[in-house]
Structure formats: C-alpha cells, structure tokens
Amino acid sequence: MNTKSASFAAAGTVLLWASAFPAITVAVRGFGPAGLAVARLAVASAVLALAAPLMGVRRPKLGDLPLIVLCGLAGMTGYQLLLNAGERVVPAGTASLLVATAPVYASLLAVAFLGERSSRRRWAGSAVALAGTALIAASHGLGFGASALVVLGAAVLQGVFHTAQKPLLARYTGFEVTAYAMWAGTLFILPWTGSLVRALWGPGAHAGGAAIGSAVFLGVAPSAAGFVLWAYALARMDVGRATVSLYLVPAAAIGIALAWLGQVPGPAELIGGAIALAGVILARDSRVPAGDEDRGHGQAGRGPGQQHQQGPARGQQVRRRVQRAHLPGRLQQREPAEPAVPRGRQQGQDARHQDDRDGGGDAARGVPDDRAEGQAEQRAYAEQQAGR
C-alpha cells in the first residue's frame, strides 16, 4: 500500500512540476527571473505557514539545521535563481535537457553518501529516459555555450537537494521537511525582494493579472503542494528509484502546454515522450530496499529521532511474547524429577530433552535464543521437585 501511495505521490509531483513550465512562461514576462523566484517562494512559504498548525509542525533539532539550510539554499534559492538566469539566454530545449539530468546527479550522490545501490536495469532505464528527454529538447533547439553551465549548475543543485532531503525524512514528516526547506530558501532569497517590488509597484511596473495569477499558482501548486508530495514519495522510496520518475516531467509538460497555451507538439516531441516513458517503466525495479517502503509512515506525532527506537522495542516485544507462549508449556509438560537421580544428571537430561522438543530453541523461530533463561527455569523446577 505504501509503495502504491508513494508512486501516486510521485506521479502527482511530475504533473505539478510539469505545469510549472507554462506558468513560468506567463509569469516571467511580468516579474522577471529574480522577481518571479521571490514571489514563488514567498507564496509557497505563506501557504505552508498557514497549514503548519493544522499539520502539527514541530521545531527542528539544532543538529538538523545544517541539512535544512542545505536543502533551502540548494533546492529552493539556488535552483530558482540559476535556472531563471540561465533561461534568459539558453534555448528552452537546452535548458530542459540540462535540468533533466538532475536525477543522474541525485542517484550518484545517494550511492556515494547514503549507501544506496542502483541496479543495472535502473541505470539502463535512466539512459533510455534521458535519451527521450534529449529528443524533446532537440525539438526546441539546442545551443551549448558558457551560459549553459549556469543551467547545469541548477540541475546539480536539484540533485543535491534530493539527496540532502532523504536523511531528514527519516526523522520528520514530509510536510515538515518541505516547510523547513521552503522557509529557509525564502530567507536566502530576500536580498532579491527589490525585483519583486519594482515589478509590482515601481516605475514602469508590468506585472499584470495574468502574471500575478501564474505566480500565485506556481507558489501554491508546483512549489507548496508539489514539494510536499515529493517528500512523501521520497520518504518511502530510495533516491534513485524516486528520481527516475522526474524524467517524465518534460513529456508531461508537453501535454499541459497543449491544454494551457495551445502549443501543439511536433512528431519529435511525441516520440521523445514515448521513449522517456518506456525508459521510466524499464527503470522501475520491483524490488524495494529494506526499510524504504515503510520509512516515514506514522511519523506525525513522534519526536525527532524516536523512530530509531522502534526496531529494538519491537524485537523485545516479540521475544517476550515467545517466552510467555512457550515457557509455561515447558514447565507443564516436564516429567517429575526422579528422586534417585542426582540433580546435575537430571538437569542435563532435561536440557537434552528440551533441545529435542524445541528444535533448536527460539533462534529456530526467527527470534533471539533465550535458552539460558529456559535452563534457569528448568533448574528452578528441578530443585522444587527434588525438595518435595
């Protein structure tokens, strides 16, 4: 169930993030790259702040602040500024292709820093999906120059964000991690607030109703809702498996642009979208790494770090249940001790008899072997019988 819900969340993220591209096309005309970045993050932060009391958002631990700052600086502020600045001179096709490489960097960083393992099938599927994205990008025109490095830097920062977010999702809910990163990113982008003010109220302000509506949409849907859904999916899948779905963003953007802006896709875009979809399907391993399926489940209401105590506590509960279930039966089924048999010999026979009947102790049943406690019970019983 968790895997299915995570897949639906990832699909919702793809649609929301794909819808950002036509919205940016409309909003950037009125706000400019920097002004739009400020407006988008400010709206998203306000929406998350309004919902925070209802979602029970907790204060983060001081030890987690460096990761939170990294997520906000890389995934929110840095990504927005570099991408918007690069798209002023880089062709749209080149920009979309470079941004589409972010899952590659995220997977490599997850392998290096999080110890994740990626199968050959996933790498092969990623290569196919990236080839489909390249075909889509080529249909919009390619032109690699010095400015393309700025967009490439934005893609690298997005990969850093995906990887840095993963450890936080083991200690906080997806909503909390999104709120922390968004608020941190908004703080870092405040020096560019003047661009937003000039676009709205300065001399020659040219942010009309369509641009303002698109900016609000970007803050509410792709930023606030999109990042919350993404955090939910990432908490239940490893980084490499989750980011594979992002190869579908350019293909989904084609369909949304058709419905929103009336842009009819060409044959190359349609073929590229089909190739990207085939690559994502190929890369979707059926195996789920241990612990990822249920990670993040039920985190609301627990303090940071409490989920690490569940494993040992659950093991102790299982061991106690096994002991309560089997030790009374051992005492009831034991033959009375023979008075004439020395106590040490009687204990040895009891232990051998218990081993034969137990089939190897508790370890054979998949729980820790508590044979020492069982033998203590045997000796106590033998002494009681001998005393009679």
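Residues numbered from 1 in each chain as written. Predicted model: local features only at pLDDT ≥ 70, side-chain atom pairs only at ≥ 80, totals over all residues. Heavy atoms only, no water.

**Student:** What's the story with the pattern of salt bridges in this structure? I'm lost.
**Tutor:** A side chain with one charge may pair with a side chain of the opposite charge, provided their charged atoms come close. If you walk through the whole model with that rule in mind, you get three salt bridges. For the salt bridge of Glu176 with Arg58, the shortest nitrogen-to-oxygen distance reads 2.6 Å. With Glu176 in helix 7 (residues 174-189) and Arg58 in the loop between helix 1 (2-55) and helix 2 (65-86), this residue pair connects regions lying 118 residues apart in the sequence. Each member of the pair, Glu176 together with Arg58, is buried. Asp64 is paired through a salt bridge with Arg171; the nearest N and O atoms lie 3.0 Å apart. In this pair, Asp64 is assigned in the loop between helix 1 and helix 2 and Arg171 in the loop between helix 6 (148-169) and helix 7, connecting sequence segments 107 residues apart. (Salt bridge = Lys/Arg side-chain N within 4 Å of Asp/Glu carboxyl O. Helix = DSSP H or I, 4+ residues; strand = E, 2+ residues; numbered from the N terminus. Buried < 20%, exposed > 50% of the residue type's maximum accessible area, 1.4 Å probe, protein only.)

**Student:** Help me out: how do you make sense of the confidence of the model for the protein chain in this one?
**Tutor:** Any segment with low pLDDT has predicted coordinates that should not be analysed in fine detail. Taken as a whole, the protein chain shows an average pLDDT of 79; of its residues, 73% reach a score of 70 or greater. Predicted confidence is poor over residues 288-315, with pLDDT under 50, and the contacts of this stretch with residues over four places away or in other chains come to 43 contacts. (pLDDT = per-residue confidence, 0-100. Contact = heavy atoms within 4.5 Å.)

**Student:** What should I look at first to understand the packing of aromatic side chains in this one?
**Tutor:** The geometry of an aromatic ring pair comes down to the distance between the two centres and the angle between the two planes. Per the counting criterion, the structure on display carries four aromatic pairs. An angle of 55° between the planes, with centres 5.0 Å apart, marks the rings of Trp17 and Phe227 as tilted. Remark: Phe227 occurs in helix 9 (residues 209-236) and Trp17 occurs in helix 1; sequence separation between them is 210 residues. Ring geometry for Tyr172 versus Tyr180: centroids 5.4 Å apart, planes at 90°, classification edge-to-face. You can call Tyr172 buried: its relative accessible area is 0%. A residue is classified by how much of its surface remains accessible, and Tyr180, at 7% relative accessible area, is buried. An aromatic cluster of three or more residues is present, and its members are Trp17, Phe161, Phe227 and Trp230. The ring of Tyr232 has Arg236 sitting right over it, with the charged end atom 3.8 Å from the ring centre. (Phe/Tyr/Trp six-rings, centres within 6.5 Å; stacked < 30°, edge-to-face > 60°. Lys NZ or Arg CZ within 6 Å of the ring centre and 35° of its normal.)

**Student:** What should I look at first to understand the side chain of Asn84 in this one?
**Tutor:** Relative to the elements of secondary structure, Asn84 occurs in helix 2. A polar atom in the side chain of Asn84 sits 3.0 Å from the backbone oxygen of Pro33. Filtering out sequence-adjacent residues up to four positions away, Asn84 remains in contact with Pro33 and Ala37. (Polar contact = N/O pair within 3.5 Å; in protein donor to acceptor, adjacent residues only side chain to side chain.)

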